[in-house]
Amino acid sequence: MKFDFQSLKPKIQAEFDEVVAGYPGDTSEIRARMRACKGDALDKKLAVIEAAAELCPVHVFGYFPFAMEIDAGYRRDAAYMGVGAYVRQECGVDFTPLNELRRELAEHQLGQFNDYYDSCHRMVDYDLLLSRGYKGVFEDCERRNSVVSDNENETERKKKRYREAVMRVCLAVKHIGERIRRLAQDRLQNLAPDCDEVIRHNLERIAVSANTPWEPPRTMFDALNSMLCCILWTSVLDGMSMNTLGWVDRLIYPFYRRDIESGRLSEDEAVYLLRCFLYKTDAHSAFSPERMGFDSGVTVMIGGCYPDGRPLYNHVTDMIIDAYLDNNFINPKLNARASDDSDPAYIHRLAELILSGNNNIIVENDDHIIPMFVRMGVDITDARRYIGGGCQEVVTPNHMHHRAFVYLNLPKVLLDTLELTDNKNEPSSAARNPADDKSGRTANTARDIGVYKYGRFDCGSFDRLYESFLLNLRSYIRTLAESFHPFERLHSAISPEPLLSALVGDCVKRGLDVTEGGARYNHNTLSLVGFGTLCDSLLALRRAYRDGRVGELLAAMRSNFDGCDKLRAELLRTSDRFGHSTDADEFARELADRLANVSHGIYTSAGVEWHTSLFAYYLFKNLGEVTGATPDGRRAHEPLSRGMNMASLGELTRMALSLANICGAEFDDVGVFDLTLPLSHGDEYVDAVAKYITACIKLNIPVLQPSAVDREKLIEERSHKGTHPEIVVRVCGYSAVFGLLSESMQDEIIGRVE
């Protein structure tokens, strides 16, 4: 039997198109059962999950070997969020204050937040899933509850009730798996005698394999199937987005090796299974011009080190890299861990993939990230099991880390501190010159924006301006935190997540949902956008104060630098910029330290301290489009600096050395070094990129996000759509077909390689 993924790929896509194109189906009965439930939010969530397990249509394919598909109320163009979201939608909580705050931030171009918590970036303990399955979790709950009597105190009775809820969702998982197996058996009975032998083989395997993820897996197929079921069912039934396929080479290799050694599996079929597992996200998404703004959020992790610290590189690692080289997958995003101890052959393979133009890989530095998690209080063994979840963000098992859901516009806070912009986002002709206290102040200025109620506006000197900026940024963070408090206190009554909690360490032990703080580790981090732009702007202001040119600089900014070509040229060409001189880099380090500590002492309602990061996603462009001219010479509406990058990029070695200066700042999520390389071929180029990866690791740079592009081909595709339909580019935390992006996004990406 031939297992040729390349020839089966179009047939797999056709299967997905037929099954999921009509999603979502009718879920009115599930909503009705939720409404009929008279209990609390947990009872209602159980009603939804159990009704979905009984009523939602399940599907098995033919050429696609895995059995996880369920039509549970989510759209094809959404990162899951299915029927499990119904409880929140009808929780009865008034979100008006939150919506008003969101509107105020947008009106003043200050940033954005998705919600009062992060509904994505979830991760289960995959080791627990693959060693014990949901059956093992059920038995653990049963054992713990068996020693709790009815005469226990209220706290213990609540814990017992919660574990009973977890047992019920585990049984719902079992029921879905049983329905899928019966469906496969029914389809087998109705197959035509001349049916393709691959279809028959796949259905037979589903019909006789372990009921995963209820039971622990026995084979490579079982393990991969468990992981696909877990990510989909947890997301749609709990009503959030668990968007990582896991650390596949570490987790799957033992199953692969046993299957190969026992003769249960051929090498060709192992390759086919792994490629189908990876292709599922792209097949499900069906990319089109209308949907290229869609980021699936799905990642897969390779490399790094084992939980005991040994470097990890095995045959499954190579199988995954080969799959991306051969197929140009857009999803899942390939997050590759590496360290100074990594096998040079592994680093060379990463370089090979980078220069292929696949543009769907990032390199995450164990030597930076593992110590970061340990500093945050994560046990070393859990820290070594971190994976990328979402884009470049990292998460450990047994961890609820709310992040990448609040984005703050750093340059706009600086402009507000200067009182240089009005609510219309245009340079204000009436704005006062902070160096001239005799100037009047217009009504409805930055001082009137609510987020600055704990701040200060003192621009009498550069040092006073700098401190005022930091106080205003801290006021902004404090105001957000206080605004979230009422909703955080109600979180478990708004959207409990019992299915996720079943596989998050300590929730069962504590008898608490993840929304009640049941996870072993709990952290909150917000994102600071435009670090490089802010740094160069502060340096420009420092020079202007020193030279008595503040008024000239602010006047130029008010005019968007129109007629100020000489001054703007000075700003853009000076060596006193981050990445262009030692003095500027030292200032960048001091600024990074201040920003890493700016939220200390500000807490969630549960007592979790807020921390900061330089993770920016695509907000550097979105926020830049609504931000006025900045002191570094950037014109209004141009993009802000990307990630942890400097605003003005230079030679590769110089950039890496400069970024190393800020990598010691104690942020609680990763910063991303975003660089674009010319598309090049040949061993000498692969060797050079491998050496650059190694150098960045040694310099403690957290994440390297490389792209390799041919600028001329990008321009040709931009001018004549369809000329190069094969080009995939890294947009920010996700990849996309270049020709399907908006013209504005295409221009921004081309601008990276000018």
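Fair warning: this is a prediction, and the values are worked out from it, not measured in the lab.

**Q** How would you sum up the pairing of strand 6 (residues 333–338)? Please name residues and give values.
**A** The element strand 6 is extensively covered by neighbouring structure, given that 6 of its 6 residues are classed as buried. Here strand 6 shows two buried faces, one formed by Lys333, Asn335 and Arg337 and the other by Leu334, Ala336 and Ala338. Pairing analysis gives 5 bridges linking strand 5 (residues 299–303) to strand 6, with the strands arranged parallel. Looking at strand 6, one finds that Thr299 is bridged to Lys333. In the classification by handedness, the crossover that spans strand 5, the intervening helix 12 (residues 315–327) and the parallel strand 6 is right-handed. Sheet topology places strand 6 next to strand 7 (residues 361–365); 5 bridges connect them, and they run parallel. For Leu334, the partnering residue across the bridge sits in strand 7 and is Ile361. Once you follow strand 6 into helix 13 (residues 344–354) and on to strand 7, the crossover reads as right-handed.

**Q** Got a sec to walk through the packing of aromatic side chains? Specific residues and values, please.
**A** The geometry of two aromatic rings is summed up by the distance between their centres and the angle between their planes. Within this structure, the stated rule accounts for 31 aromatic pairs. Ring plane angle 5 degrees and centroid distance 5.5 Å describe the contact between Phe66 and Phe221, whose orientation is recorded as stacked. Pair noted here: Phe66 is in the loop between strand 1 (58–59) and strand 2 (69–70) and Phe221 is in helix 9 (residues 220–238), with a separation of 155 residues, a long-range link. Comparing Phe66 with Phe221, the two get one shared label, buried. Arranged with centres 6.1 Å apart and planes meeting at 35 degrees, the rings of Tyr617 and Tyr734 form a pair that is tilted. Here Tyr617 is found in the loop between strand 13 (610–613) and helix 25 (619–624), whereas its partner Tyr734 is found in the loop between strand 16 (728–730) and strand 17 (735–737), with 117 residues between them in sequence.

**Q** I'd like to hear about helix 9, residue by residue, with values.
**A** Taking 1.5 Å of rise per residue, 19 residues should cover 27 Å, and helix 9 covers 27 Å from first to last C-alpha, within 8% of that figure. Looking one or two residues beyond helix 9, the residue adopting positive phi is Gly239, at roughly 80 degrees.

**Q** Explain the packing of helix 8 (residues 197–208) against helix 11 (residues 267–285) to me, using residue names and the numbers behind them.
**A** Axis separation between helix 8 and helix 11 bottoms out at 14 Å; the angle between their running directions is 75 degrees. Comparing the axis directions of helix 8 and helix 11 gives the class roughly perpendicular. Side by side, helix 8 and helix 11 meet where Val198, His201, Asn202 and Arg205 of the first sit next to Glu269, Tyr272 and Leu273 of the second. A class-by-class count of the residues in the contact of helix 8 with helix 11 yields 3 nonpolar, 2 polar and 2 charged.

**Q** For the packing of helix 9 against helix 11, give the residues involved together with the corresponding values.
**A** Contact geometry of helix 9 with helix 11 gives a least axis separation of 11 Å together with a crossing angle of 5 degrees. With respect to helix 11, the element helix 9 is oriented roughly parallel. In contact with Met220, Phe221, Leu224, Met227 and Leu228 of helix 9, helix 11 contributes Ala270, Leu273, Leu274, Phe277 and Lys280. A breakdown of the residues in the contact of helix 9 with helix 11 according to their chemical character gives 9 nonpolar, no polar and 1 charged.

**Q** So what's going on with the pattern of salt bridges? Which residues, and what values?
**A** The full count for this structure, using the stated rule, is 51 salt bridges. Salt-bridge contacts for Asp669 lead to Arg403; the nearest nitrogen and oxygen are separated by 3.6 Å. Of this pair, Asp669 sits in the loop between helix 26 (652–662) and strand 14 (672–678) while Arg403 sits in the loop between strand 10 (399–402) and strand 11 (406–409); the two residues are 266 residues apart in sequence, bridging distant segments of the chain. Assessed through its relative accessible area of 4%, Asp669 is described here as buried. Between Arg510 and Asp506 there is a salt bridge; the shortest N-O distance is 3.6 Å. By relative accessible area, which is 30% here, Arg510 ends up partly exposed. A residue is classified by how much of its surface remains accessible, and Asp506, at 18% relative accessible area, is buried. The structure contains a network of salt bridges with shared partners spanning Asp125, Asp127, Arg250, Asp382, Arg385, Asp506, Arg510 and Arg520.

**Q** Give a detailed account of the side chain of Thr396, specifying residues and quantitative values.
**A** Structurally, Thr396 is set in the loop between strand 9 (394–395) and strand 10. Among the polar contacts listed, one links the side chain of Thr396 to the side chain of His399, at a separation of 3.1 Å. Look past the residues within four positions of Thr396 in its chain and what remains in contact with it is Met123, Phe373, Val378, Asp382, Ala383, Tyr386 and Tyr521.

**Q** Go over the sheet that holds strand 6, please, and point to the residues and values.
**A** With mixed pairing, 6 strands are arranged side by side in an open sheet as 4-5-6-7-15-14. The sheet is open, and its two edges are formed by strand 4 (244–247) and strand 14, each paired on a single side. The average angle at which neighbouring strand axes cross in this sheet is 25 degrees, direction not considered. Each of strand 5 and strand 6 touches helix 12; the most contacted strand, strand 5, lies at about 130 degrees to it.

**Q** Quick rundown of unusual backbone geometry? Include the residues and the values.
**A** The linkage connecting Tyr23 with the following residue, Pro24, adopts the cis geometry, with an omega of -5 degrees. Tracing the backbone through its elements, the reader meets Pro24 in the loop between helix 1 (5–20) and helix 2 (28–36). That bond from Asn331 to Pro332 is cis: its omega, -10 degrees, falls within 30 degrees of zero. Along the chain, the position of Pro332 falls in the loop between helix 12 and strand 6. Even without being glycine, Tyr617 reaches a positive phi, approximately 50 degrees.

**Q** Break down the side chain of Asp576 for me, citing the residues and quoting the values.
**A** With respect to the secondary-structure elements, Asp576 resides in the loop between helix 23 (565–573) and helix 24 (582–597). Within polar-contact distance, the side chain of Asp576 engages the side chain of Arg543 at 2.8 Å. What Asp576 contacts, discounting residues up to four positions off in sequence, is Leu539, Arg542, Arg543, Ser581 and Ala584.

**Q** Can you lay out helix 10 (residues 248–262) for me, pointing to particular residues and giving the numbers?
**A** The first and last C-alpha atoms of helix 10 sit 21 Å apart over 15 residues, in line with the 21 Å expected at 1.5 Å per residue. Helix geometry: helix 10 is bent most strongly at Pro254, by close to 30 degrees. Listed in full, the buried residues belonging to helix 10 are Val248, Asp249, Arg250, Leu251, Ile252, Phe255, Tyr256 and Asp259. On its buried face, helix 10 is in contact with helix 6 (126–145), helix 9, strand 4, helix 11, strand 5 and helix 12.

Here is what the cut-offs are and how they apply
- Residues numbered from 1 in each chain as written.
- Predicted model: local features only at pLDDT ≥ 70, side-chain atom pairs only at ≥ 80, totals over all residues.
- Heavy atoms only, no water.
- Buried < 20%, exposed > 50% of the residue type's maximum accessible area, 1.4 Å probe, protein only.
- Helix = DSSP H or I, 4+ residues; strand = E, 2+ residues; numbered from the N terminus.
- Pairing = 2+ DSSP bridges.
- Right-handed = clockwise from strand over helix to strand, strands pointing away.
- Phe/Tyr/Trp six-rings, centres within 6.5 Å; stacked < 30°, edge-to-face > 60°.
- Expected span 1.5 Å × (residues − 1).
- Axes fitted to C-alpha atoms, helices over the stretch in contact; angles between N-to-C directions.
- Parallel < 35°, antiparallel > 145°, perpendicular 65-115°, else oblique.
- Contact = heavy atoms within 4.5 Å.
- Nonpolar A, V, L, I, M, F, W, Y, C, P; charged D, E, K, R; others polar.
- Salt bridge = Lys/Arg side-chain N within 4 Å of Asp/Glu carboxyl O.
- Polar contact = N/O pair within 3.5 Å; in protein donor to acceptor, adjacent residues only side chain to side chain.
- Bend = angle between axes of the 7 residues up to and from the residue.

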